[in-house]
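# Report on the structure
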Amino acid sequence: TLIILSLPIASGKLIKLLEQSYTPTVPSEIVSADTVIVLSGMVKPIKWNSVVHYEFSDAVDRIFAGINLLKVGKAQKIIITRGKLPWSIGVPEGEFLAEFVQSQGIDPNRILLTEIVQNTNDEAKAISRMLPKNSEVILVTSAFHMPRAKKVFQNQNLKVIPYPVDFRSSEKKIDILDFLPQAKAFQDSNFYFREIIGRAYYSLRY
């Protein structure tokens, strides 16, 4: 089983399963809302000579999508979450992202930050306290994460317009390397099972 999960041909299928509910979207395909919400999970802190620096990870599509939705008039405000785990260093992710959004020409008065949050459930609860009940929001997160995130936000009495980004699956011709065990493929398979467990947990909870 471990060998099978280490094959790119297998892990690729699993990642595709996570994203099968959604397809890439462009702003013109969705309706407008008052607020666009961008979930955290795209910044990594790097400490060098006692100074903390920040770099974007694979999920950087999230913040660029949020900025683009504002620029084309699909929302008036953007909410960014102050994601910070107990073992994290540096400032909460949202504070770094808010500065980045401003650097892209967005009026700071259009940018809102949540309280410090640790997971998707925290994010949904914090945002629901910032908005009127039954508010319609554009939710931006990675395609694999959207099914779980949508369920959690709907549970907080928010009307969700999903805007999936950061698709991890890709199309290519099959070659011999797809049938050779690789550490990255095993990591992707592990990623699949972790997300499935997360979905199962929230399905039981809500």
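Shown above is the structure to which this text applies.
Residues numbered from 1 in each chain as written. Predicted model: local features only at pLDDT ≥ 70, side-chain atom pairs only at ≥ 80, totals over all residues. Heavy atoms only, no water.

Take the packing of aromatic side chains next. Taken as a whole, this structure holds eight aromatic pairs when the rule is applied. Ring geometry for Phe56 against Phe100: centres 5.0 Å apart, planes inclined by 70°, an arrangement best described as edge-to-face. With a gap of 44 residues between them, Phe56 in strand S3 (residues 51–56) and Phe100 in helix H4 (residues 93–103) connect regions that are remote in the sequence. Considering the side-chain rings of Tyr201 and Tyr202, the 5.1 Å spacing of their centres and the 70° angle between planes classify their relative orientation as edge-to-face. One aromatic cluster in this structure is built from Tyr54, Phe56, Phe64, Phe96 and Phe100. (Phe/Tyr/Trp six-rings, centres within 6.5 Å; stacked < 30°, edge-to-face > 60°. Helix = DSSP H or I, 4+ residues; strand = E, 2+ residues; numbered from the N terminus.)

Relative to the helices and strands, Asp166 is located in the loop between strand S7 (159–165) and helix H7 (183–205). A polar atom in the side chain of Asp166 sits 2.9 Å from the side chain of Arg168. Look past the residues within four positions of Asp166 in its chain and what remains in contact with it is Glu19, Asp58, Ala59, Asp61, Ser142, Ala143 and Phe144. (Polar contact = N/O pair within 3.5 Å; in protein donor to acceptor, adjacent residues only side chain to side chain. Contact = heavy atoms within 4.5 Å.)

Structurally, the position occupied by Ser6 is in the loop between helix H1 (2–5) and helix H2 (8–19). Accessibility expressed as a relative area gives 13% for Ser6, which makes it buried. Put simply, Ser6 and Gln104 are 98 residues apart on the chain and 40 Å apart in space, counted from C-alpha to C-alpha. With residues near it in sequence (within four places) discarded, Ser6 still touches Leu180, Pro181, Gln182, Ala185 and Phe186. In terms of polar contacts, Ser6 uses its side chain to reach the backbone carbonyl oxygen of Leu2, at 2.8 Å. (Buried < 20%, exposed > 50% of the residue type's maximum accessible area, 1.4 Å probe, protein only.)

These figures capture arrangement, not role.
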